[in-house]
Amino acid sequence: MAAAALVTENFKFVSLFFKSKDVMIFNGLIALGTVASQTVYNVFAFGCPCSSGRNYLYGLAAIGVPALAFFFIGIMLNKSTWDLVSECRLRKCWKLSGAAAFALVGTIIGRAVVAPLTWVVISLLQGQAYTCALSEFVDPSTLEGFPSGQGLEVMAKFPCQGSVPMELQGFWAEIERQLKYESQLIGWLLVAGMSLMVFLMLCMKRCYSPLGYQQEDYWSQYRSNEKTLFQRTATVHARLLAAENVKSFFGFVALEKEEKEQLAEHQSASPICSTNWNRVTGVYLYREKNGLPLYSRLNKWATYSLENNVEAMEKEMDTLS
């Protein structure tokens, strides 16, 4: 029993960890996943063609194409992307100021570049792709004792040690060391540049934020809880509405025990009009009403709904900042 309880608690901890909405943890998980993908790729898929003209293209593709794919996947999986699309579709983005648009697009891109940059950095630190891409461009005159008259075809064969002529194989270690030095140097410079940029961006965010640290943390918790509760409630609402419609067609509906309890508790689920869906959909920037914070579009909608002031609601729901 004690072992079972321990396993249960550990599972709950892991579950909470992976469900965390904390940006740093989320970005860390993305980076770890990217490192794992890079390692698997290098072990099972990477194979330098060792041919002049092809090495360079293959090396660049090995670094750039996965990074580009990760970038677009990051854009697509970011909810803010679709908030911006909805904002432009519903309200033509005419209320979105230049500063607000810059901040929003910066947030989307900032989250999306975590995986691509991680892929590029790990590729450079491992050095395989860089060595493949630039081996043919190594200047033979920089290698002591290297025979003269060797062309690009010969230099391109060095990443595939078995393809190198026997009399030149002794130079492979020096060529590899030189190219890995360059690759890793670029990788570490990229890490330093990224770290400095992240630090400056965090400083700017804190300096220009209208909220204090504690309230900003509270706002983050509010958004996380609102999203969780909204999705959970939307799931139940959709199930109840579907059950009512199925029952009206067949005359009965086959429900699980939990669903029957939900139906008995809530009785019915009324459809929500598109106007209200549109009011709680789209870009949101921090607002206050009479000194009280409005933490989301849903919070703003609920506040004005209580006042039953449709005209004020319509005007305020279109306001972003």
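Here is what the cut-offs are and how they apply
Residues numbered from 1 in each chain as written. Predicted model: local features only at pLDDT ≥ 70, side-chain atom pairs only at ≥ 80, totals over all residues. Heavy atoms only, no water. Helix = DSSP H or I, 4+ residues; strand = E, 2+ residues; numbered from the N terminus. Buried < 20%, exposed > 50% of the residue type's maximum accessible area, 1.4 Å probe, protein only. Contact = heavy atoms within 4.5 Å. Areas by Shrake-Rupley, 256 points an atom, 1.4 Å probe, with all protein chains shown as cover. Patch = residues over 30% accessible without salt bridge, like charges linked within 9 Å, V, L, I, M, F, W, Y side chains within 5 Å. Salt bridge = Lys/Arg side-chain N within 4 Å of Asp/Glu carboxyl O. Lys, Arg positive; Asp, Glu negative; His and termini not counted. Charge placed at Lys NZ, Arg CZ, Asp CG, Glu CD. Core = buried A, V, L, I, M, F, W, Y, C linked by side-chain atoms within 4.5 Å. Phe/Tyr/Trp six-rings, centres within 6.5 Å; stacked < 30°, edge-to-face > 60°. Lys NZ or Arg CZ within 6 Å of the ring centre and 35° of its normal. Arc of directions from axis to C-beta. Polar contact = N/O pair within 3.5 Å; in protein donor to acceptor, adjacent residues only side chain to side chain. Disulfide = S-S within 2.5 Å.

Visitor: Looking at this model, I keep getting lost on the overall build of the chain. Mind explaining?
Guide: Summing up its helical and strand segments, the chain has 14 helices and two strands in all. Expressed as a percentage of the 321 residues in the chain, the buried residues total 29%. Contacts in the chain between residues at least 24 apart in sequence constitute 66% of all its contacts with a sequence separation of at least 6. For the chain, the accessible area works out to roughly 20500 Å², and carbon and sulfur atoms hold 65% of it.

Visitor: What should I look at first to understand a negative patch on the surface in this one?
Guide: Taken together, the side chains of Glu-256, Glu-258, Glu-261 and Glu-265 present a region of like negative charge at the surface. As for its position among the elements, Glu-256 is in the loop between α10 (213-250) and α11 (257-266).

Visitor: Please clarify how the environment of Ser-183 should be interpreted in this entry.
Guide: Note on placement: Ser-183 falls in helix α9 (residues 172-208). Residues Ser-183 and Gln-126, spaced 57 residues apart in sequence, show a C-alpha to C-alpha distance of 8.0 Å. Not counting chain neighbours up to four residues away, the residues in contact with Ser-183 comprise Ser-123, Leu-124, Leu-125, Gly-127 and Tyr-130.

Visitor: How should unusual backbone geometry be read in this particular structure?
Guide: Excluding glycine, a negative phi dihedral is what most residues carry, and trans is how most peptide bonds are arranged. Despite not being glycine, Cys-50 shows a phi value in the positive range, around 55°. Relative to the helices and strands, Cys-50 is located in the loop between α2 (23-44) and α3 (54-77). With phi around 55°, Asn-290 is a residue other than glycine that occupies positive phi space. On the secondary structure map, Asn-290 appears in the loop between β1 (287-289) and β2 (292-294). For Asn-290, a relative accessible area of 73% puts it in the exposed group.

Visitor: I'm lost on α11 in this one. Help?
Guide: In an α-helix there are 3.6 residues to a turn, and that puts residues three or four apart on one side. For α11, the buried fraction is low: one of the ten residues fall into the buried class. Downstream of α11 by a residue or two, Gln-267 has a phi angle that is positive, lying close to 65°.

Visitor: Sorry if this is basic, but what is going on with the nonpolar core here?
Guide: The nonpolar side chains of a soluble globular protein tend to be buried with one another. Core analysis: the largest hydrophobic core is formed by 22 residues, its most contacted members being Phe-46, Val-138, Leu-143, Met-155, Phe-158, Phe-171 and Ile-175. Look past the residues within four positions of Ile-175 in its chain and what remains in contact with it is Val-138, Leu-143, Met-155 and Phe-158. Ile-75, Ile-108, Ala-112 and Val-283 belong to the second largest nonpolar core, which has six residues in total.

Visitor: Looking at this model, I keep getting lost on the packing of aromatic side chains. Mind explaining?
Guide: Given two aromatic rings, one states the distance between the centres and the angle between the planes to describe the pair. Summed over all chains, the structure comprises seven aromatic pairs. Ring centres of Phe-230 and Trp-277 lie 6.2 Å apart, and the angle between their planes is 85°; this geometry places the pair in the edge-to-face category. Of the two residues, Phe-230 sits in helix α10 while Trp-277 sits in helix α12 (residues 274-279), which places them 47 residues apart along the sequence. Above the ring of Trp-219, the side-chain terminus of Arg-223 is found at 4.7 Å from the ring centroid.

Visitor: What exactly am I supposed to notice about helix α13 (residues 297-307) here?
Guide: When α13 is considered as a whole, its buried residues turn out to be Arg-297, Asn-299, Lys-300 and Tyr-304. Burial along α13 is one-sided: seen end-on, the buried residues are contained in an arc of 160°. Its side-chain oxygen 3.4 Å from the backbone nitrogen of Leu-298, Ser-296 forms the N-cap of α13. A positive phi of about 55° marks Asn-308, the residue just after α13.

Visitor: Quick question: what am I supposed to make of the pattern of salt bridges here?
Guide: Oppositely charged side chains can form a pair if their charged atoms are brought close together. Counting across every chain of the model gives three salt bridges. With a closest N to O distance of 3.1 Å, Asp-83 and Lys-79 form a salt bridge. One end of the pair is Asp-83 and the other is Lys-79, both in helix α4 (residues 79-91) and four residues apart, which spans about a single turn. The exposure class assigned to Lys-79 is partly exposed, which follows from its relative accessible area of 48%.

Visitor: How do you make sense of the state of the cysteines when you look at a structure like this?
Guide: Working definition: the covalent bond between the sulfur atoms of two cysteines is a disulfide. All told, the structure shown has one disulfide when counted by the stated rule. The disulfide partner of Cys-48 is Cys-132, and the S-S distance across this bridge is 2.1 Å. In this structure the cystine formed by Cys-48 and Cys-132 twists about its S-S bond by roughly 80°; its chirality is therefore right-handed. Of this pair, Cys-48 sits in the loop between α2 and α3 while Cys-132 is found in helix α7 (residues 128-134), placing the two residues 84 residues apart along the sequence. Take Cys-48: its relative accessible area is 14%, and that puts it in the buried class. No disulfide involves Cys-203; its nearest neighbouring cysteine sulfur is the one of Cys-207, lying 6.3 Å away. The class of Cys-203 is partly exposed, set by a relative accessible area of 32%.

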